[in-house]
Each structure stands twice: as structure tokens, then as C-alpha cells.
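# Inside the fold
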Amino acid sequence: MPYRRYRPYQDRVDVPTSTEGRSWPSARIERAPLWVPVDLRDGNQALAEPMDTGRKRRFFDLLVSMGFKEIEVGYPSASRTDFAFVRNLARQSADGGLPDDVTVVVFTPARRELIDRTFESIEGLPRAVVHLYIPTSPTWRDTVLGRSRKEVHGVVEEAAAHMARRADARPGADIRFQFAPETFNLTEPDYVLDVCDGLTELWDASPDRPVTHNLPATVEIATPNVYADQIEYMHRNLARRDSVILSVHPHNDRGTGVACAELALLAGAQRVEGCLFGNGERTGNVDLVTLALNLYAQGVDPMVDFSDIDAVREVVEHCNRLPVHPRHPYAGDLVHTAFSGTHQDAISKGFAHHARRAAELGVPESEAPWDVPYLPIDPADIGRTYEAVIRVNSQSGKGGVAYLLETRYGLDLPRDLRPDFSRVVQEATDDSGREATAKELYELFRATYVTPGTDGEVTLCSWTTDRAPDGAHRFVCTLRVGDGGAGDFEGVGNGPLSAFVDALAAAGVAVDILDYAEHAVGPGGASEAAAYARCRVGDAEHWGAGLDTSVLTASVQAVLAAVNRAEAAR
């Protein structure tokens, strides 16, 4: 591959670092930034089929319901649909249909007639941010604009002054300004600083009426630490810093959009523009869902509501006509799912430990500190259920299989039975080549361990048990062995099961019970009982299980199932 055609970032842009050294590596993110979703403008422009008014409105309502306070709603000078949508918001605002704490942002290039069209769209809105942009890097100045540094600066100042005059003509409205030097990360830092400072002064920014300077990584060209250095340079050198909101708009060309945004926040940025689930041109804009829930996983309130992530995803997929990847962080169908046996075992043990810890603290599990292996956050916090956490295929292990049977069907398999059944499951999934559902696992368990207790070589036709005055137990039964006729047999022992084993011996079936366990399948006296027995039959050892409302019946079935499994294996 002709890699020599491409230049490293240091040959394309000079990135100065402060003589005081970098401060961002030791910084901490302790609160959420100002979030600005740009799905309705930047994300919409990246769709093969842009959103119609109905889809844009549904998306806008979702963003409002989630708690976003500033929303970029469109590019009104570029599209009749966008212009009409902004006008519709303005009319609804006049009727009280726009929340008082939500500000819309509109986007405009640095051209007088397009600025005028943009201001026409926001007529009637009580508050708005007008977002002015122009490309500033050498490649764009030379190739796209055909203008020098001085000429581009002049275009920006003329456009900004015109915006100020249009805003002054509406003295009752709260119209604020935003500037984006597109391709900031490829532009000379001193030049960006000069242009931004000029606009801060021209727009007469103040702490109670700040301007926003939005610095995009329009096309990623370097590792995220380089972007952090560029942001820190601006943070340290911007004039009237307390009157400027420093914003970032990372794209994802190198797959590091989220990392760029996080490092930019460490470097002094206060505001982040992006899209839910990262939709945008090429590989997309920064993913606000991932970014916000990354903060949440560190104990920082993201200030937006993701408590029903599936509902959020459904709206976004409908409006964008694009699926969210099943491995998308936090929101994908499979992101909280473990197929690997070692992962499943760790998660299962983690859930059990979490439940015990919550009980010790005397708090609900939903409020107990979270520390479960492989799950950075509690899936329930974002509206997911635990049922999807562990799923079984040929790569799965005993822990995951046992977890599903216990949580879905109340079967608490003895520890030594788990690897035995796991081998059965693996053989079945290897043959099918697909995932096994919890219902399929339950049916496989019954067919393997329970059904042989009532359908096999040795059949228990009828039986009774009683206890003699001396304490000995007696088991009287009618057994059919193989193709022979039924016979009556009797056994005696120190318990019903040992008496049953003695009766089996009288019928010519030698059995030793090596391990036994029982439990209620569910709460209440009417619940089924589950019994498990590991038996030596001849030279082989086999497990059997029984399910019945009678514990004794379940235990007898478990022993008989182990016997019949041994007979079938000969």
C-alpha cells in the first residue's frame, strides 16, 4: 500500500504546547458538559434520505424529553424542510409549545443572503443561537474558498457584523452567537485564536451573554492527545475567557471521536456537539450516548435521561432509517450479553455477590454500589432486563447455563451437575450451530435428566412407603425391568430413598446414591420440588432429576432417571 502518499499530522499543522506543560493529563471530569445534539442538522445532512417534518418533530420531542437544553434543529437556508421546521417551532413557541428552558440552534454559512434567510426562520422565537461557520484550514482556503488568511478573516467579520445588526433589530429576543472555524484541527492555532478573539470583541461577549466558539475535529487527522493539546492552547489563550463557552465537535474518521471529546473536556472544553449513537458524515459524529454513559459509569451525573435506552434507540432508528449496531456501547442488543463460559460464570457470581451486599447494607439491589464483573453499569439503570445478560451457544460454559435455568425456571443445579449438563448443551449447540434459548435449555434438561425417570428401561409402575415402629423405612413397589413382566419388590432402609435402592437391588438393579440435593422451584407451599441424584449404576456414574409437587416423588424419579440413563448408555 502506498503509505508514503500520506503526511503525519505534524507535517500538516503546528500544534503548540504551553511552556507551562500540559495540564489535561492530570485533570478529571467531575461534571457533565453542556450537551448539544446535532442530529437534526449535521446528522440529518448525513442521511441518504433526510428526515421529513414528522420524523424531525419526533426526534426533537425525544431530545426535549431526555433533558437536552440546547438543540441544533436545522440548516434553514439550505433546505425548505429545515426552514419550515424552524418556522413551525417558532409558531409553537408563540403558543407555549416550546419549553422555556430549551434553546434552538440554527446553522448558517458566512454569506449575507443565507444569514438573512436564517434570521427569517427564527422570527418569533424568544431565544435562539445562530451558529456561523466557515472553513479555515489551508487546504480548504486554497482548494475550496480560493482566499487568503486575511480574506477569510474579512469574510467572517463581515458576516458576524451582519448577524449582530440582524439581532439588534429584535431587541426583545435573546439571540446569542456561535462561531465554528470548520476544519479547526487542520488550521494554524494562532490564526484560529485571532479570528475567535476578533468575534468575541465584535459581538461584545460578557459573562452573562457569552459567545460560543465551537472547534471541530472536522476530519480526524491525529491521535486524541493532539486534539487535546489544540483545545488546551485555545482554552489558555482565548481573550475574555469567562465570556466564552468553549465547545467541541469531534468527528470519528479515525474511530476516536469519543476519546477526542473526553480529552477535550479534560483540556478545558465546556460544551460538546454530537449525535445520539454517532450518526454523521463518513464514520459519524461523536456519539453522545456513549460519551454521556461513560460519565455515568464513573459516577458523574450525565444530566440527560437514558433510563429507557431501548425507547431512545427505537425513535432514533425510525427517524434515521439506520440500525444501531448490536455491539454499540451500552445500547446494542448484545452489549450486555455474555456467551463466553468464563464471562458467564463471573457475571453469575457477581449478581449473587451484589444481592448479598445489598441485603447486608439493607438497601434495594437497585441502590447498592455496583461492582459486577464484565458489566460496567447495571443494565437495569438504562431499562434493560437481566434476562438478556447471559445467553448460550457452543462457546458458553456451565455458569451461564445454570444461571438461565435458575433465573427463568427456578432450577438450582448442584455444582457437580453443571459441567455434566454443559457438555450436553455444547453438543446440542455444536450440532445446530446456533444459540440456545432459555426455553430450549429447559426442555433439553428435562429430556436429558427428568424424562428418563418415567420413560426408560426400568419402570416404576406403583409404589408405597411407610415407616416401621423401629424407625426403619419400607418401600413396596411394582417394577418392570426391560421387556420382562412386572414384579413386586420390597426394600428396607434408614430413609425412603435407601429403601427404594434396596428394592431396586431386589429387582437386580445395583444402585449407590453418591450425591443428592433438593429445593423448591418457587415460593409457596404449592410449588414444585426439584430433586437431583448422582448414582453409581454398575461401573458408571450418572445424574438424574425429578420434578413434582411431592419432594419424595421427585427424589424417587431422580434416582430412577439416573438408573435409566445408565441403562441407556450401556
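The rules we used
- Residues numbered from 1 in each chain as written.
- Predicted model: local features only at pLDDT ≥ 70, side-chain atom pairs only at ≥ 80, totals over all residues.
- Heavy atoms only, no water.
- UniProt positions renumbered as here; feature names shortened; annotations may be inferred.
- Helix = DSSP H or I, 4+ residues; strand = E, 2+ residues; numbered from the N terminus.
- Buried < 20%, exposed > 50% of the residue type's maximum accessible area, 1.4 Å probe, protein only.
- Core = buried A, V, L, I, M, F, W, Y, C linked by side-chain atoms within 4.5 Å.
- Contact = heavy atoms within 4.5 Å.
- Right-handed = clockwise from strand over helix to strand, strands pointing away.
- Pairing = 2+ DSSP bridges.
- Polar contact = N/O pair within 3.5 Å; in protein donor to acceptor, adjacent residues only side chain to side chain.
- Axes fitted to C-alpha atoms, helices over the stretch in contact; angles between N-to-C directions.
- Parallel < 35°, antiparallel > 145°, perpendicular 65-115°, else oblique.
- Left-handed = near helix turned anticlockwise from the far one by under 90°.
- Expected span 1.5 Å × (residues − 1).

### Some words on the UniProt feature "binding site: Mg(2+)" (unreviewed entry) in the protein
Feature annotation in UniProt places "binding site: Mg(2+)" (unreviewed entry) on D42, H249, H251 and N285, given in this structure's numbering. The annotated residues occupy 244 residues of the chain but converge on a single region, no pair of C-alpha atoms lying more than 10.8 Å apart. Residue position: D42 is located in helix α1 (residues 39–45). Judged by its relative accessible area of 7%, D42 falls in the buried class.

### Quick notes on the nonpolar core
Within the largest apolar cluster, 95 residues are counted, with the highest numbers of intra-cluster contacts made by W35, F60, V73, W203, I231 and L276. If you tally residues by element for this core, the top one is helix α6 (residues 149–168), at eight residues. Sequence-distant contacts of W203, that is, excluding residues within four places in its chain, are made with L132, A160, M163, A164, F177, Q178, F179 and V211. Counting 26 residues, the second largest nonpolar core, distinct from the first, contains F475, L479, V511 and A558.

### Comments concerning the side chain of Q230
Of note, Q230 is situated in helix α8 (residues 224–237). Of the residues examined, Q230 reaches a relative accessible area of 5% and is grouped as buried.

### Remarks on the pairing of strand β6 (residues 211–217)
Taking burial as the measure, the seven residues of β6 include seven buried ones, the bulk of the element. In this view, the connection linking strand β5 (residues 174–182) to its parallel neighbour β6 by way of helix α7 (residues 189–202) has right-handed handedness. Pairing of β6 with strand β7 (residues 244–250), which is carried by seven bridges, proceeds in the parallel orientation. What sits directly across from N214, in β7, is S247.

### Structural notes on the environment of S206
Checked against the element boundaries, S206 lands in the loop between α7 and β6. Between the C-alpha atoms of S206 and S243, which are 37 residues apart in sequence, the distance is 4.6 Å. A polar side-chain atom of S206 sits 2.5 Å from a polar atom in the side chain of D208.

### So, the packing of helix α2 (residues 53–66) against helix α11 (residues 309–320)
At their nearest, the axes of α2 and α11 sit 9 Å apart, and the two run at 155° to each other. Between α2 and α11, the angle is such that the two are roughly antiparallel. In terms of crossing hand, the pair formed by α2 and α11 is left-handed. Between α2 and α11, the residues in contact are R55, R58, F59, L62 and M66 and V312, E314, V315, V316, H318, C319 and N320, respectively.

### A few points about α2
In this model α2 runs 20 Å from its N-terminal to its C-terminal C-alpha over 14 residues, within 8% of the 20 Å that 1.5 Å per residue would give. Looking at α2, one finds that the buried residues are R55, K56, R57, F59, F60, L62, L63 and M66. Of the surrounding elements, those touching the buried residues of α2 are β1 (34–37), α1, β2 (70–74), α3 (80–94), β3 (103–109) and α11. One or two residues past the end of α2 sits G67, with phi positive at roughly 105°.

### Considerations on the environment of A533
Mapped onto the fold, A533 is located in strand β13 (residues 529–537). Judged by its relative accessible area of 0%, A533 is buried. Beyond its immediate chain neighbours, meaning those up to four positions away, A533 contacts D515, Y516, H542, W543, G544, A558, V559 and A562.

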